[in-house]
Amino acid sequence: MPELEFYGAQPPIELMRQFVDLNGFYDREKLYWKNVVDTSLICSAAPPGGGRNQLTPRFTRHFTMLCISRPSIDTMTRIFESILGEFMIIGGFEKEVKAKARACVDSTIQMYLDISAELLPTPARSHYTFNLRDISKVVQGMMMVDSKVVSDKDGLVRLWIHESSRCFHDRLIDEDDRDWFKNKVAELVNFKFGCTWSKEKYLMSKR
């Protein structure tokens, strides 16, 4: 996020404040004022921390603030289990596979909660910002398969590992973080799906 300058201001935010205050910007190359018309500014932000800085009141005073709380685990589970479960029913998946729809959702939500708490964003890895879209992407990816391809529990586990790796693992930038993710996957596969998979088998599955 914008780094604070010597006096504590954030130049990009100050430019946005100037736009809201004065409806335009000054062109420093052609040396004239540019008016911006028929434009509204809608912003979203997360609490300070993890590379995010406090927004100045001079900027936020222009907005009507709406604070939305994070949905509960039960709410997220109900939403995504309903979506994935209905897909498996309509798609004609085997009973063994349909029985593990809840495990897929629980594992994805747990991965999201753990990775959000453990791998926090820093200036070097400011893209470590995980949200509900990541859970949604995992579920959407799993809904692109055919029942002929995923015909048993092991196939479903491999599918979940693939989609979770695509949405979470591929964003990680160093070996320590990747190793953390692999250990977490092995833990969730054993605990949520009831499979006695080792980390090595997970790596073979990923290939």
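Refer to the structure presented above.
Presented here is a report on the structure given in the accompanying data block.

1. Re the state of the cysteines
And then number 1: The final tally for this structure, using the stated rule, is zero disulfides.
And then number 2: For cysteine 195, which is in no disulfide, the shortest distance to another cysteine sulfur is to cysteine 104 and amounts to 10 Å.

2. What to know about the packing of helix 7 (residues 153–167) against helix 8 (residues 175–192)
And then number 1: Following both chains from N to C, one finds helix 7 and helix 8 inclined at 150°, their axes separated by 12 Å at the closest point. Looking at the two axes, helix 7 sits roughly antiparallel to helix 8. In the packing of helix 7 onto helix 8, the handedness of the crossing is right-handed. Residues Val157, Trp160, Ile161, Ser164 and Ser165 of helix 7 lie in contact with helix 8, whose contacting residues are Phe181, Val185, Leu188 and Val189.
And then number 2: For the contact of helix 7 with helix 8, the class distribution of residues is seven nonpolar, two polar and no charged.

3. Quick word on helix 8
Residue pairs spaced three or four apart in an α-helix point in one direction, given the helix's 3.6 residues per turn.
And then number 1: Taking 1.5 Å as the rise per residue, helix 8 with 18 residues should run 26 Å; its terminal C-alpha atoms sit 25 Å apart, in good agreement.
And then number 2: Residues of helix 8 that are buried: Asp177, Phe181, Lys182, Lys184, Val185, Ala186, Leu188 and Val189.
And then number 3: Sitting at the amino-terminal end of helix 8 is aspartate 174, which places a side-chain oxygen 3.2 Å from the backbone nitrogen of aspartate 176.
And then number 4: Looking one or two places after helix 8, you find glycine 194, whose phi comes out positive at around 75°.

4. A few points about the environment of phenylalanine 25
And then number 1: Among the secondary structure elements, phenylalanine 25 is positioned in strand 1 (residues 24–27).
And then number 2: Along the primary structure phenylalanine 25 and asparagine 35 are separated by ten residues, whereas in three dimensions their C-alpha atoms are 6.7 Å apart.
And then number 3: Here phenylalanine 25 is in contact with Leu15, Gln18, Phe19, Tyr32, Trp33, Lys34 and Val36, once residues within four sequence places are set aside.

5. With respect to helix 3 (residues 73–91)
And then number 1: Relative to the 27 Å expected for 19 residues at 1.5 Å per residue, helix 3 spans 26 Å between its end C-alpha atoms, a close match to the ideal helical length.
And then number 2: Listed as buried for helix 3 are Met76, Thr77, Phe80, Leu84, Gly85, Phe87 and Met88.
And then number 3: Where helix 3 ends, the next residue or the one after it, glycine 92, has phi of about 70°, a positive value.

6. Observations regarding a nonpolar patch on the surface
And then number 1: On the surface, Leu22, Tyr26, Leu31 and Trp33 cluster together into a nonpolar patch covering about 420 Å² of accessible area.
And then number 2: Its location among the elements puts tyrosine 26 in strand 1.
And then number 3: Take tyrosine 26: its relative accessible area is 44%, and that puts it in the partly exposed class.

7. Describing the pattern of salt bridges
And then number 1: Scanning all chains against the criterion turns up 13 salt bridges.
And then number 2: Across the pair aspartate 114 and lysine 184 runs a salt bridge, and its minimum N-O distance is 3.1 Å. Of this pair, aspartate 114 sits in helix 5 (residues 101–118) while lysine 184 is found in helix 8, placing the two residues 70 residues apart along the sequence.
And then number 3: Residue class for aspartate 114 comes out buried when judged on its relative accessible area of 16%.
And then number 4: For lysine 184, a relative accessible area of 11% translates into the label buried.
And then number 5: When the shortest N-O distance is used, the salt bridge between aspartate 177 and arginine 125 registers 2.9 Å. With aspartate 177 in helix 8 and arginine 125 in the loop between helix 5 and helix 6 (132–142), this residue pair connects regions lying 52 residues apart in the sequence. With respect to burial, aspartate 177 and arginine 125 carry one shared label: buried.
And then number 6: Taken together, the salt bridges that share partners define one network made up of Glu14, Arg17, Asp21, Arg58 and Arg61.

Procedures and definitions
Residues numbered from 1 in each chain as written. Predicted model: local features only at pLDDT ≥ 70, side-chain atom pairs only at ≥ 80, totals over all residues. Heavy atoms only, no water. Disulfide = S-S within 2.5 Å. Axes fitted to C-alpha atoms, helices over the stretch in contact; angles between N-to-C directions. Helix = DSSP H or I, 4+ residues; strand = E, 2+ residues; numbered from the N terminus. Parallel < 35°, antiparallel > 145°, perpendicular 65-115°, else oblique. Left-handed = near helix turned anticlockwise from the far one by under 90°. Contact = heavy atoms within 4.5 Å. Nonpolar A, V, L, I, M, F, W, Y, C, P; charged D, E, K, R; others polar. Expected span 1.5 Å × (residues − 1). Buried < 20%, exposed > 50% of the residue type's maximum accessible area, 1.4 Å probe, protein only. Polar contact = N/O pair within 3.5 Å; in protein donor to acceptor, adjacent residues only side chain to side chain. Patch = residues over 30% accessible without salt bridge, like charges linked within 9 Å, V, L, I, M, F, W, Y side chains within 5 Å. Areas by Shrake-Rupley, 256 points an atom, 1.4 Å probe, with all protein chains shown as cover. Salt bridge = Lys/Arg side-chain N within 4 Å of Asp/Glu carboxyl O.

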